[in-house]
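# Structural characterization, general
Below, each chain spelled out in residue letters.
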Amino acid sequence: MERLPYDIWHIIFQLACTDGGYTGCALASASKSVRSTSAAARLHSVSLHSLLQVRRFLVCLERIRRSTGAETPPVHHLFLSFVPQTCDAPLRKFRKTTDYARGERSRLQQLLNDHREWNAAKVAWNHEFVLHVARLLQAAAPSLRTLTVIQSRQIRLPLLWYNLPALRELTLFGDDRLFLRLPQPGLLVSGESDDSDFNMYGVSSPPAIGGTPCVPFPSLERLHVVLAYPKLHPWKQTLPHWAALAPRLTHLRLSGDDEQLLQTLRGVLGLATTITPPGPPSADRSEHPAAADRVSSDGVPASPYPDLSVVMVQMGEHWVRRPEGGAQRQNRTGEDVVLRPEVKKVAALCAEGPYSGTRAVFVRDQGPRMEDWPKLLRRDWEERMKGEVGCWGDRVSEDTDEVGLEGGLVPPTAVLMAGQEGRDGQRSTRAARGWLKAVFSRTLANGRKARGD
């Protein structure tokens, strides 16, 4: 290891530690020299799947800080997953039918006692979650570039205090309740709601520093949202408010199987918020015929994202219309997709309004099943930290319709490491590669000369 300079070893270790922490743990256990040399790169990417892992990781950070006397090693890419299969959050448990009392009053009392026991455990877990995950984000904030959060409808997460000034990319699966809450009452789903729906545990939304609201994502450029299930506040209510949390957003992708996805998109962009979905007219549309003339409400500005350049939309299972006019939900095989003209309408509104340089991209690919999304998002997260295109490129050209007239997607060959896009980033990356090649060749030549080759 003495023959190569530290800068080259740092790059090697950083390129190796792109699997969520497994390689970093192996490097820490290899030898004292490898452990000390790789200290600054072992936490390049971190993947955590439970509150217990978060606590242990914080303990590990504290031990590293005390043993080295230096600052906390930088965490550049973070993957958080809280799903029933791996998370330690208490879940609702129901007894077998034969274990319940026969009398109705006794059976109801058993159900009530079970709910109270679960609720007490979940409230305690929520308090620990707010404490430890907020500390995790605070420790990683100075260097964190990409963040992916996987949530489940069985485990509702509490609101956190956060401020991530260096974050460039954010992916949310299912919900954004971890970062945003609205003052009005939300949707309470039987069998899913818990104490965190109305208890903020002393956290304000949006986050504030010294009582003054702050911009928690000042550098966020790419936001990928997967609409997976009903949430406390629907996406069409919460997404428009992300303009205040991430004002420099340039890429927005909406994926999932939500019938109101495009209506949500219009609300996010500050355009007219009504889209006529396939099917019979509803009471809301008949009672409000002038709804198409409205723009997003709740104080959201008409052009919330001045730097937005790419908008991507991908549906799970599409709404299609049969030739006889009956609407039915089925796969797109042999049918015309109704959402495609609606995407063109959104693109036309963008071209005429403040988003004249924004390209609307409709991904016709049916996409994965909802239970397969976490694995796909994990793959996208790993691809982006390696400099690949991830979910932001034209993976399958025949399955993508680019509807906008100006701008365009960054070709895969020009996509760099997350947070380093642009012409300046390309020039710096080429210069870094040339420097690395020159230093590596010079080091090998010096090694041969020292050996007398």
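Shown above is the structure to which this text applies.
So, a few notes on the structure that sits alongside this text. (Residues numbered from 1 in each chain as written. Predicted model: local features only at pLDDT ≥ 70, side-chain atom pairs only at ≥ 80, totals over all residues. Heavy atoms only, no water.)

Moving on, we get to the overall build of the chain. A tally of regular secondary structure across the chain gives 12 helices and 14 strands. Burial statistics for the chain: of 453 residues in total, 46% are counted as buried. Contacts spanning at least 24 positions in sequence make up 76% of the contacts within the chain whose residues lie at least 6 apart. Carbon and sulfur atoms form 53% of the exposed surface of the chain, whose accessible area is close to 23,000 Å². (Helix = DSSP H or I, 4+ residues; strand = E, 2+ residues; numbered from the N terminus. Buried < 20%, exposed > 50% of the residue type's maximum accessible area, 1.4 Å probe, protein only. Contact = heavy atoms within 4.5 Å. Areas by Shrake-Rupley, 256 points an atom, 1.4 Å probe, with all protein chains shown as cover.)

Once that is clear, we can look at the environment of Trp-242. In this fold, Trp-242 is placed in helix α7 (residues 242-245). In the structure, Trp-242 is positioned 25 residues away from Phe-217 in sequence and 9.4 Å away in space, judged by C-alpha atoms. In this view, Trp-242 contacts Leu-170, Leu-172, Asp-176, Phe-179, Leu-180, Phe-217, Leu-223 and Tyr-305; residues no more than four positions away in its chain are not counted.

On a regular strand, each side chain points to the face opposite its neighbour's, so the side chains alternate between the two faces of the sheet. Among the 6 residues of strand β7 (residues 222-227), 6 are classified as buried, and the element is accordingly described as predominantly covered. Here β7 shows a buried face lined by Arg-222, His-224 and Val-226 and a second buried face lined by Leu-223, Val-225 and Leu-227. Alignment of strand β4 (residues 169-173) against β7, held across 5 bridges, turns out to be parallel. If you follow Phe-173 over to β7, its bridge partner there is Val-226. Examined bridge by bridge, β7 and strand β8 (residues 251-256) share 6 bridges and lie parallel to one another. Bridge pairing links Val-225 to Leu-254 in β8. (Pairing = 2+ DSSP bridges.)

Moving on: the layout of surface pockets. Quantified by volume, the second largest pocket comes out at close to 710 Å³. Counting residues per element, the ones that place at least two in the lining of the second largest pocket are α2 (22-28), α3 (32-37), β1 (45-48) and α4 (51-68). The greatest single-element share of the lining of the second largest pocket, amounting to 8 residues, is contributed by α4. Taken together, the residues that form the lining of the second largest pocket break down as 10 nonpolar, 9 polar and 6 charged. (1 Å grid on protein atoms, 1.4 Å probe; cavity = no way out; pocket = protein on both sides within 12 Å on 5 of 7 lines; lining within 4 Å. Points joined across faces, edges and corners; volume = space filled by probe spheres on them. Nonpolar A, V, L, I, M, F, W, Y, C, P; charged D, E, K, R; others polar.)

Moving on, we get to the pattern of salt bridges. One pass over the structure, following the stated rule, counts 13 salt bridges. Two residues, Arg-384 and Glu-169, come together in a salt bridge whose shortest N-O distance is 2.5 Å. A residue pair is termed long-range when its members are at least 10 positions apart, and Arg-384 in helix α11 (residues 373-385) and Glu-169 in strand β4 qualify at 215 residues. As far as burial versus exposure is concerned, Arg-384 and Glu-169 are alike and both buried. With a closest N to O distance of 3.9 Å, Glu-383 and Arg-379 form a salt bridge. Placement of both Glu-383 and Arg-379 in helix α11 is noted, with a separation of 4 residues, approximately one turn of the helix. Connected through shared salt-bridge partners, Glu-62, Arg-65 and Arg-66 make up one network. (Salt bridge = Lys/Arg side-chain N within 4 Å of Asp/Glu carboxyl O.)

Evaluated as defined, the whole model comprises 0 disulfides. Considering cysteine sulfurs only, Cys-25 is the nearest to Cys-17, which forms no disulfide, with 9.3 Å between them. The buried category is assigned to Cys-17, whose relative accessible area is 1%. Between Cys-25, a free cysteine, and Cys-60, which holds the nearest cysteine sulfur, the sulfur-to-sulfur gap is 7.4 Å. (Disulfide = S-S within 2.5 Å.)

What follows is about a nonpolar patch on the surface. The grouping of Phe-94, Leu-108 and Leu-111 at the surface amounts to a nonpolar patch, some 320 Å² of accessible area in total. Along the chain, the position of Leu-111 falls in helix α5 (residues 104-140). For Leu-111, a relative accessible area of 34% puts it in the partly exposed group. (Patch = residues over 30% accessible without salt bridge, like charges linked within 9 Å, V, L, I, M, F, W, Y side chains within 5 Å.)

Turning our eyes to something else, we now look at the packing of aromatic side chains. Using the criterion set out here, one finds 9 aromatic pairs in the structure. Relative to Trp-242, the ring of Phe-179 lies with its centre 6.3 Å away and its plane at 75°, an arrangement referred to as edge-to-face. On the criterion of sequence distance, the pair formed by Phe-179 in the loop between β4 and β5 (208-209) and Trp-242 in helix α7 is long-range, its members being 63 residues apart. The class for Phe-179 is buried, based on a relative accessible area of 1%. With relative accessibility at 1%, the residue Trp-242 sits in the buried group. Above the ring of Trp-235, the side-chain terminus of Lys-231 is found at 4.5 Å from the ring centroid. One residue, Arg-378, lies across the ring of Phe-79, its end atom 5.2 Å from the ring centre. (Phe/Tyr/Trp six-rings, centres within 6.5 Å; stacked < 30°, edge-to-face > 60°. Lys NZ or Arg CZ within 6 Å of the ring centre and 35° of its normal.)

Phe-129, Leu-147, Leu-170, Phe-179, Phe-217, Trp-242 and Leu-265 are the most contacted members of the largest nonpolar core, which has 66 residues in total. Looking at this core element by element, the count peaks at 8 residues for α5. Core analysis: the second largest hydrophobic core is formed by 10 residues, Val-83, Leu-377, Trp-381 and Met-385 among them. (Core = buried A, V, L, I, M, F, W, Y, C linked by side-chain atoms within 4.5 Å.)

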